[in-house]
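Here is what each chain is made of, one letter per residue.
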Amino acid sequence: MDFEAFFEDKLGGLHKAGNYRVFADIERHAGGFPRATRYRADGSTQDVTVWCSNDYLGMGQNPLVTNAMKEAIDRCGAGAGGTRNISGTNHYHVLLEEELADLHGKEDALIFTSGYVSNWAALGTLAGKIPGLIVYSDALNHASMIEGIRHSRCEKRVFKHNDPEDLRRLMALDDPAAPKMVAFESVYSMDGDVAPIAALCDVADEFGAMTYLDEVHAVGMYGPRGGGIAEREGLMDRLTVIEGTLGKAFGVMGGYITGSRALCDFVRSFASGFIFTTALPPALAAGAAASIRHLKASQLERRRHQDTVAKVRRALDSHGIPHMENPSHIVPVMVGNASKCKWISDVLMESHGIYVQPINYPTVPVKTERLRITPTPMHSDADIKHLAGALSELWSQCALARAVA
Ligand code: PMP
């Protein structure tokens, strides 16, 4: 087989369909977020303002976090030195797991190398090792959950997005004696909508099912201590597993699950994605713990963040730029056309120094192509005015419809 020709052919298909992903080469400015330097392919550079980062609160640049990481490197070096059970468990990992269990009001926590791996490994292990388990999965669950469930080879039913009635209908069709799990997210990353957690837990309780909640886009951001939507709504004890990331609002990297001591010990003991991989660098664990500790105590970042989100929405409204209404911090600006979406993103970057990645199919359905804007507390009023003005100009150039106030 001519492997190179095969690769080129497949890539050509992505280009033709407009789905080829471009990776902007940027360097974030320490202490200067959301500013970054963009490196063009020809070697030249450009100063840009980042509007699509998941470092939602700028904690990745916060000296509390970066200093904790530097201190940990000075104390114990760069890498963990092994898998968790062969010399790789560093005291910083233990402290971080204690911090996470406390954040979500659970007995224990387990960290993984990313949020993706935590979903894949935990769901794959739970669903794969509990005999006869049926998993009910929200239709818009993240790829990492889908892959974990698929990997487990368990029975799976997909319920309509955020629809407890559809979940009940599906659960009622199955053997009442079969063990069951309901897996869903709190804040959905592309539409920014929020799950009816209590109603989904009610249905799960009716059928004696365990519940698995991905709070990746909510931890650090919602709830009095940043424990997520479940904390804000007083529902943490209704969830068997709360999963999260250290790579978004906490500003570092890594993922985790929290749950009962036995459940975490079970995953720790049976998940190959936990056992057979090098532990996170201790400095990452130290930085994440510092970030979590700070966001448990401080409301300032969350409050400022919500203010900026509201200002961005108002600025877009004032220009009639259509954006999806939702109760979260994610502002999807709806373009509805793949090539126009990419063109606007390119011109925003090249002519206005504004970096927003276009989101096209298959990440979102065709005709719902969008610019996913993620404001942070560090975006200034001038940044917001600049963004809305530039979008307005490009909206006219593309002859796109405006929203009516
Ligand atoms: N769950 C959801 C809902 C996500 O959106 C993502 C990543 N965007 C992940 C899990 C994976 O988290 P991480 O980036 O830490 O791997």
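Please read all numbers here as calculations on a predicted model, not as lab measurements. (Residues numbered from 1 in each chain as written. Predicted model: local features only at pLDDT ≥ 70, side-chain atom pairs only at ≥ 80, totals over all residues. Heavy atoms only, no water.)

Visitor: Account for the site of the ligand, naming residues and giving values.
Guide: By nearness alone, every residue bordering the ligand is listed as Ser114, Gly115, Tyr116, Asn119, His142, Ser144, Glu185, Asp214, Val216, His217, Thr245 and Lys248. Note that an oxygen atom of the ligand is positioned 2.8 Å from one of the backbone N or O atoms of glycine 115. Aspartate 214 places a polar side-chain atom, nitrogen or oxygen, 2.7 Å from a nitrogen atom of the ligand. Protein chains shield 82% of the accessible area of the ligand, which is 400 Å² for the free molecule. Top element by residues in the shell around the ligand is helix α5 (residues 115-129). It accounts for three residues. (Near = heavy atom within 4 Å. Polar contact = N/O pair within 3.5 Å; in protein donor to acceptor, adjacent residues only side chain to side chain. Areas by Shrake-Rupley, 256 points an atom, 1.4 Å probe, with all protein chains shown as cover. Helix = DSSP H or I, 4+ residues; strand = E, 2+ residues; numbered from the N terminus.)

Visitor: Could you give an account of the pattern of salt bridges, naming the residues involved and the relevant values?
Guide: Oppositely charged side chains may form a pair once their charged atoms are brought near each other. Counting across every chain of the model gives 23 salt bridges. Linking arginine 84 and glutamate 97 is a salt bridge whose minimum nitrogen-to-oxygen distance equals 3.0 Å. Taken together, the positions of arginine 84 in helix α3 (residues 84-88) and glutamate 97 in helix α4 (residues 91-103) put the pair 13 residues apart, joining distant regions of the chain. On the basis of relative accessibility, which here comes to 7%, the residue glutamate 97 falls in the buried class. (Salt bridge = Lys/Arg side-chain N within 4 Å of Asp/Glu carboxyl O. Buried < 20%, exposed > 50% of the residue type's maximum accessible area, 1.4 Å probe, protein only.)

Visitor: Account for the nonpolar core, naming residues and giving values.
Guide: Counting residues in each nonpolar core, the largest one holds 57 residues, and the members touching the most others are Leu96, Val182, Phe184, Ile197 and Leu246. Ranked by the residues each element gives to this core, the list is headed by helix α12 (residues 282-297), at eight residues. If near-sequence neighbours (up to four positions away) are discounted, leucine 246 is found in contact with Leu96, Leu100, Ile111, Gly251, Val252, Met253, Gly254, Gly255, Tyr256, Leu280, Ala288 and Ile292. Val48, Cys52, Val333 and Val347 belong to the second largest nonpolar core, which has 32 residues in total. (Core = buried A, V, L, I, M, F, W, Y, C linked by side-chain atoms within 4.5 Å. Contact = heavy atoms within 4.5 Å.)

Visitor: I'd like a rundown of helix α15 (residues 381-397), residues and numbers included.
Guide: Between its first and last C-alpha atoms α15 spans 25 Å; for 17 residues at 1.5 Å apiece the expected length is 24 Å, and the two agree. Those residues of α15 not exposed but buried are Asp383, Ile384, Leu387, Ala388, Ala390, Leu391, Ser392, Leu394 and Trp395. At the exit of α15 stands alanine 399, carrying a positive phi of roughly 55°. (Expected span 1.5 Å × (residues − 1).)

Visitor: So what's going on with the state of the cysteines? Residues and values would help.
Guide: The final tally for this structure, using the stated rule, is zero disulfides. Not engaged in a disulfide, the cysteine cysteine 264 finds its nearest cysteine sulfur in cysteine 201; these two sulfurs lie 17 Å apart. With a relative accessible area of 0%, cysteine 264 lands in the buried category. Cysteine 341 takes part in no disulfide bond, and the closest cysteine sulfur to it belongs to cysteine 398, at a distance of 9.7 Å. (Disulfide = S-S within 2.5 Å.)

Visitor: So what about unusual backbone geometry? Which residues, and what values?
Guide: The omega angle of the peptide bond from phenylalanine 33 to proline 34 is 15°, so this bond is cis rather than trans. Secondary-structure assignment places proline 34 in the loop between β1 (26-28) and β2 (35-39). At the junction of tyrosine 361 and proline 362, the peptide bond is cis and its omega measures out at 10° in the coordinates. By the element assignment, proline 362 lies in the loop between β13 (358-359) and β14 (370-373). Unlike most non-glycine residues, serine 87 shows phi in positive territory, near 75°. Here serine 87 lies in helix α3. Of the residues examined, serine 87 reaches a relative accessible area of 60% and is grouped as exposed.

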